[in-house]
Amino acid sequence: MSIAIRPADWNTDRKAIRSIREAVFVQEQQVPADLEWDDQEETSQHFLAYSEALPVATGRLTKEGKIGRMAVQKSSRGLGVGAKLLHAICEHARQQNHQHLYLHAQQQAQGFYLRAGFEVEGEVFYEAGIPHVKMVRTLI
């Protein structure tokens, strides 16, 4: 399976980004739609991962260095798509001279981010009723 990842533009690629996030967060995880969409959409750098020319994953990087809204379609999980997407976001951040990145990982995904070089910082907290942990990574 070939995976292609590219930077995405909220205005141009909104349909694909929303489709993935609605399927993963709103439908699967029952995150209220009004919590899923925020004032960071237009100012963040979004990313899309494609398999066989179909968008299967998305994520974003805010100007402050926060990675978020990482979502992989159910049919593409376990195939390394998320890891490749996270790597691409981190590389983009490095090229934009970010020295530190952080994210709010769902607790069940903590191991995924640990394997990518992130470290837990602080205690468990809840977002949209889901336990999360803050994780950080220094880029060299």
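Here's what I pulled together on the structure shown here. Treat the numbers as computed from the prediction; the structure is a model and nothing was measured.

Cut-offs used in this document
- Residues numbered from 1 in each chain as written.
- Predicted model: local features only at pLDDT ≥ 70, side-chain atom pairs only at ≥ 80, totals over all residues.
- Heavy atoms only, no water.
- Helix = DSSP H or I, 4+ residues; strand = E, 2+ residues; numbered from the N terminus.
- Rg over C-alpha atoms; globule rule 2.2 N^0.38 Å.
- Buried < 20%, exposed > 50% of the residue type's maximum accessible area, 1.4 Å probe, protein only.
- 1 Å grid on protein atoms, 1.4 Å probe; cavity = no way out; pocket = protein on both sides within 12 Å on 5 of 7 lines; lining within 4 Å.
- Points joined across faces, edges and corners; volume = space filled by probe spheres on them.
- Nonpolar A, V, L, I, M, F, W, Y, C, P; charged D, E, K, R; others polar.
- Contact = heavy atoms within 4.5 Å.

## Side note on the overall build of the chain
Move 1: A count of helices and strands for the chain gives four helices and eight strands.
Move 2: Seen in sequence order, the chain has helices and strands lined up from the N terminus as β-α-α-β-β-β-α-β-α-β-β-β.
Move 3: Taken over C-alpha atoms, the radius of gyration comes to 14 Å for the chain, in line with the 14 Å a tight globule of 140 residues would show.
Move 4: In terms of overall dimensions, the chain has a C-alpha envelope of 35 × 35 × 30 Å along the principal axes.
Move 5: Counting across all 140 residues of the chain, residues that qualify as buried make up 41%.

## Section: the layout of surface pockets
Move 1: Each pocket or cavity is described by its volume, and for the largest pocket that value is around 900 Å³.
Move 2: Along the wall of the largest pocket there are 37 residues; nearest its centre are Phe25, Met70, Ala71, Gln106 and Tyr113.
Move 3: Listing elements by their share of the lining of the largest pocket, those giving two or more residues are α1 (10-28), α2 (33-36), β4 (66-72), α3 (81-95), β5 (100-106), α4 (110-115) and β8 (130-138).
Move 4: Ranked by residue count, the leading element in the lining of the largest pocket is β4, at seven residues.
Move 5: When grouped by side-chain class, the residues that make up the lining of the largest pocket number 17 nonpolar, twelve polar and eight charged.

## Brief notes about the side chain of histidine 46
Move 1: Mapped onto the fold, histidine 46 is located in strand β2 (residues 45-51).
Move 2: A residue is classified by how much of its surface remains accessible, and histidine 46, at 0% relative accessible area, is buried.
Move 3: Excluding anything up to four places from it in sequence, histidine 46 contacts Arg6, Pro7, Ala8, Trp10, Ile17, Arg21, Glu41, Gly59 and Arg60.

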